[in-house]
Amino acid sequence: MKKEKTKRRVGMSPAMAVGGLLLGAGLLVWPQTAAEGARQGLTACGAVLIPSLFPFLVLSGLVASGGGMSVLTLPAGWLGRFLYRAPGSLGGAVLLSWIGGYPAGAKVLAQLLEEEKITPEDAEMALCFCVNSGPAFMTGVVGTGIFGSPAVGLGLFGCQLAAGAITGRVLLRKRKFSSLALRRNVLSDKKEPGAAVLVRSVSGAASAMMGICAFAVFFSALGGVLEGCGLLAASGEVLSALSGGRLSPGGACALVRGMLEICSGSAAAMELPPTQAVLILPFLLSFGGLSVLCQIAACFPPGKVKMGLFFRARVIHGMLTQLLAAPWLLARCAAVGAYAAGGRVLTGDGTTAAGTVCLLGMCAILFLTLEGEELPPPG
């Protein structure tokens, strides 16, 4: 019997090495635009990402910890089974993907994988429907900030969920979840004090938040380098020409920015006429951009979960959301006229109805997690 030889590849591929050298040269030649891009990324972190994501990253740890979570995760599991044909036991990941934004559902899956409650293949399949833009971002930033109506944001959120249901059913029609994921109670069965669970969840969320912000700043700086060297404007002209002029050069540049980092793309879309924003935002919000793809991949140990199926799901999800949302959005823009773009600022608005509902849900889960916690006697 021949002894099978295994080689371990070390180092970067030639393409990555060349890309790194080009990026390094760009940072040296166009430092001002790169620094401005990084500052924009930091602004997005402080104004949008941290306020809207950090509480739900904490919540993802609480959900995966189990305890009294079945009160809220069981209904989400039933809906997930109906929409995605997913095991009802993954209700916690489904719930957080709906109310928490892009990485929250993935964080639940990562913790369940770490505790060996699901297999890597289960996580790969669940990622097809457990990554969404949260309703607070949809209503506060996109709906109110870009289209002047939170109802538009809710409509986009509904289109995203419908597109996700179709994506999950199409990509997973010949795949089956393992017996681990099919268990009735896939959440953690560890009997930890509520205070310990809360401390662990907060510290884990802080670590994850640092990584998310790092990716956002990096890809925003990369966008600055592309702007400085003229590639951003050139790609905008090319994409505009390929669209037959339907997409303006400015809209095409916003699309490229969003493909790198969604907050940067949303900020660029605020400077566009709404009819141009309609042509790019539904796709971008479901695709998420390279920054979000890296954030999701960073939730899992290197090489543990393959990202090929997840990437295909992002592309299909984005295209389906665009197909569902663009017709009625264009009709609305034609009916109400152009929305004034002056003074719009990218910010996470926690006062919107969707944001309030999500925060109330977070508080409810927090109290359920701490339910039954015995307090020490005074003195």
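Basis of the calculations
- Residues numbered from 1 in each chain as written.
- Predicted model: local features only at pLDDT ≥ 70, side-chain atom pairs only at ≥ 80, totals over all residues.
- Heavy atoms only, no water.
- Salt bridge = Lys/Arg side-chain N within 4 Å of Asp/Glu carboxyl O.
- Helix = DSSP H or I, 4+ residues; strand = E, 2+ residues; numbered from the N terminus.
- Buried < 20%, exposed > 50% of the residue type's maximum accessible area, 1.4 Å probe, protein only.
- Phe/Tyr/Trp six-rings, centres within 6.5 Å; stacked < 30°, edge-to-face > 60°.
- Expected span 1.5 Å × (residues − 1).
- Arc of directions from axis to C-beta.
- Core = buried A, V, L, I, M, F, W, Y, C linked by side-chain atoms within 4.5 Å.
- Contact = heavy atoms within 4.5 Å.
- pLDDT = per-residue confidence, 0-100.
- Disulfide = S-S within 2.5 Å.
- Patch = residues over 30% accessible without salt bridge, like charges linked within 9 Å, V, L, I, M, F, W, Y side chains within 5 Å.
- Areas by Shrake-Rupley, 256 points an atom, 1.4 Å probe, with all protein chains shown as cover.
- Polar contact = N/O pair within 3.5 Å; in protein donor to acceptor, adjacent residues only side chain to side chain.

(A) Local environment of the pattern of salt bridges. Under the defined criterion, the tally for this structure stands at 2 salt bridges. Glu36 serves as the salt-bridge partner of Arg39, at 3.1 Å between the closest nitrogen and oxygen. Placement of the pair is Arg39 and Glu36 together in helix H2 (residues 31-64), with a separation of 3 residues, close to one helical turn. The class of Arg39 is partly exposed, set by a relative accessible area of 46%.

(B) Region of interest: the packing of aromatic side chains. This model, assessed by the stated rule, comprises 4 aromatic pairs. Here Tyr84 and Phe129 contribute two aromatic rings whose centre-to-centre distance is 4.8 Å and whose plane-to-plane angle is 10°, an arrangement assigned as stacked. Of the two residues, Tyr84 sits in helix H3 (residues 70-84) while Phe129 sits in the loop between helix H6 (120-126) and helix H7 (135-147), which places them 45 residues apart along the sequence. Consider the rings of Phe287 and Phe311, whose centres lie 6.2 Å apart with planes at 80°: the pair is edge-to-face. Of the two residues, Phe287 sits in helix H14 (residues 281-287) while Phe311 sits in helix H16 (residues 308-336), which places them 24 residues apart along the sequence. Residue classification places Phe311 among the partly exposed residues on the basis of a relative accessible area of 40%. Site record: aromatic cluster; members linked through ring pairs are Phe283, Phe287 and Phe311.

(C) Structural view of helix H10 (residues 231-242). Given a rise of 1.5 Å per residue, 12 residues ought to cover 16 Å, and the 16 Å separating the end C-alpha atoms of H10 matches this to within 8%. Along H10, the residues that are buried comprise Leu232, Gly236 and Ser240. One side of H10 holds all its buried residues, which, seen down the axis, span an arc of 70°. Of the residues in H10, the exposed ones pointing more than 90 degrees away from the buried face are Ala241 and Leu242. Of the residues trailing H10, Gly244 is marked for its positive phi of about 70°.

(D) Spotlight on the nonpolar core. Membership of the largest hydrophobic core comes to 93 residues, with the highest contact counts inside it found for Leu109, Leu127, Phe129, Phe147, Leu156 and Phe300. Among the elements that take part in this core, H2 stands out by supplying 11 residues, more than any other. Once you skip the residues sitting within four places of it in the chain, Leu127 turns out to touch Ala106, Leu109, Ile296, Phe300, Val305, Met307 and Phe310.

(E) Structural context of the confidence of the model for the protein chain. Predicted confidence across the protein chain gives a mean pLDDT of 78, with 78% of residues reaching 70 or more. Mean pLDDT per element in the protein chain: helix H17 (residues 353-369) is the minimum at 46, and H14 is the maximum at 93. In the predicted structure, residues 338-343 sits below a pLDDT of 50 and forms 8 contacts with residues beyond four places in sequence or in another chain. When the criterion is pLDDT under 50, residues 359-379 qualifies, and its contacts beyond four places in sequence or with other chains add up to 27 contacts.

(F) Broad picture of the state of the cysteines. A complete count under the given rule lists 0 disulfides for this structure. Unpaired in terms of disulfides, Cys213 finds its nearest cysteine sulfur in Cys45, a separation of 3.5 Å.

(G) Structural view of a nonpolar patch on the surface. Together, Leu28, Val29 and Trp30 make up an exposed nonpolar region whose accessible area comes to about 330 Å². With respect to the element layout, Leu28 can be found in helix H1 (residues 14-29).

(H) Local environment of the side chain of Thr139. Tracing the backbone through its elements, the reader meets Thr139 in helix H7. Residue classification places Thr139 among the buried residues on the basis of a relative accessible area of 3%. Side-chain polar atoms of Thr139 contact the backbone oxygen of Pro135, separated by 2.9 Å. For Thr139, the side chain forms a polar contact with the main-chain oxygen of Ala136, separated by 3.3 Å.

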